[in-house]
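Here's the letter readout for the chains.
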Amino acid sequence: MNLGTGPSGTFYLCLSAQGAPGVTTAATNSPQSFNLLPPPTPATLELTATTTSFGNVVVSTPSPVLTLVLTNTGELPATIQSFQNPFSLNATGCSAILNAQISCNLLLSHTPTALGPISGNFAVNYSGGTSPSSNTLSITGNAIPPPTLANLVLTPDTNSDFGNILANTASAARIIT
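Residues numbered from 1 in each chain as written. Predicted model: local features only at pLDDT ≥ 70, side-chain atom pairs only at ≥ 80, totals over all residues. Heavy atoms only, no water.

Enquirer: What exactly am I supposed to notice about the state of the cysteines here?
Expert: Here, the word disulfide means a covalent bond between the sulfur atoms of two cysteines. Under the defined criterion, the tally for this structure stands at one disulfide. Disulfide pairing places Cys94 opposite Cys104 at an S-S distance of 1.8 Å. An S-S torsion of about 85° defines the bridge between Cys94 and Cys104 as right-handed. Here Cys94 is found in the loop between strand E8 (88–92) and strand E9 (97–98), whereas its partner Cys104 is found in strand E10 (residues 103–109), with ten residues between them in sequence. Each member of the pair, Cys94 together with Cys104, is buried. (Disulfide = S-S within 2.5 Å. Helix = DSSP H or I, 4+ residues; strand = E, 2+ residues; numbered from the N terminus. Buried < 20%, exposed > 50% of the residue type's maximum accessible area, 1.4 Å probe, protein only.)

Set out below in structure tokens:
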């Protein structure tokens, strides 16, 4: 319905037998009716990941990358205010505004500096929901020492003298334990 400019009209809010809100006019060609839609659901950001553990990570070595997925499940856009992150945010496919029903990826890694458990919370703070909101995902792992190299002690047999050998020729085999 197009009201245009000029005189005002009278409208009555009514409920149909099914309870759907609508509007009916009192104009000369009445009744004209149309249904009112419910308001859109506010932005809600969900933070998910296939795994939330870096696993065993050697000290001073970067961890494998974790991919977090940020999804706006609402019908309105969300504005990303900030990330709270004790790890390295390597890349983000997210823009400052995440539209409704859209997902983006966040790539995290960690380079531990000491042995022991790795733990921290990754959080995204956003607006566009019913109030400023945040969503948090707990990330874990374990910092382990680098592998040790075995010390080899070679003990030649009693006859370890190879004698005189011509260049570009092989010597006789000797057993070394």
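Enquirer: How should the environment of Ser109 be read in this particular structure?
Expert: Its place among the elements puts Ser109 in strand E10. Judged by its relative accessible area of 10%, Ser109 falls in the buried class. Separated by 44 residues in the primary sequence, Ser109 and Val65 have C-alpha atoms spaced 4.9 Å apart. Look past the residues within four positions of Ser109 in its chain and what remains in contact with it is Phe54, Ser63, Pro64, Phe87, Ser88 and Asn90. A distance of 3.0 Å separates the side chain of Ser109 from the side chain of Asn90, its partner in a polar contact. (Contact = heavy atoms within 4.5 Å. Polar contact = N/O pair within 3.5 Å; in protein donor to acceptor, adjacent residues only side chain to side chain.)

Enquirer: Help me understand unusual backbone geometry, please; the structure alone is not making it clear to me.
Expert: As a rule of thumb, non-glycine residues mostly have phi less than zero, and peptide bonds are mostly trans rather than cis. A positive phi angle is found at Ser60, which is not glycine, with a value near 65°. Checked against the element boundaries, Ser60 lands in the loop between strand E5 (53–58) and strand E6 (66–72).

Enquirer: Would you mind going over the packing of aromatic side chains with me for this structure?
Expert: The geometry of two aromatic rings is summed up by the distance between their centres and the angle between their planes. Throughout the structure, instances matching the rule amount to two aromatic pairs. Taking 5.2 Å as the distance between ring centres and 70° as the angle between the ring planes, the aromatic pair formed by Phe54 and Phe87 counts as edge-to-face. With Phe54 in strand E5 and Phe87 in the loop between strand E7 (78–84) and E8, this residue pair connects regions lying 33 residues apart in the sequence. For the pair shown, Phe54 and Phe87 are each scored as buried. (Phe/Tyr/Trp six-rings, centres within 6.5 Å; stacked < 30°, edge-to-face > 60°.)

Enquirer: Teacher, can you tell me more about the side chain of Ser63 here?
Expert: Position of Ser63 among the secondary structure elements: in the loop between E5 and E6. Contact partners of Ser63, with chain neighbours within four places excluded, come to Phe54, Val57, Ser109 and His110.

Enquirer: Explanation requested: the nonpolar core in the structure shown.
Expert: A general trend in soluble globular proteins is that nonpolar side chains are found buried together. Counting 24 residues, the largest nonpolar core has Leu45, Leu47, Phe54, Leu68, Leu70, Leu108 and Ile139 as its most contacted members. Looking at this core, the elements that each hand over two or more residues are strand E4 (45–49), E5, E6, E7, E10, strand E11 (116–127) and strand E12 (133–144). Ranked by residue count, the leading element in this core is E11, at four residues. (Core = buried A, V, L, I, M, F, W, Y, C linked by side-chain atoms within 4.5 Å.)

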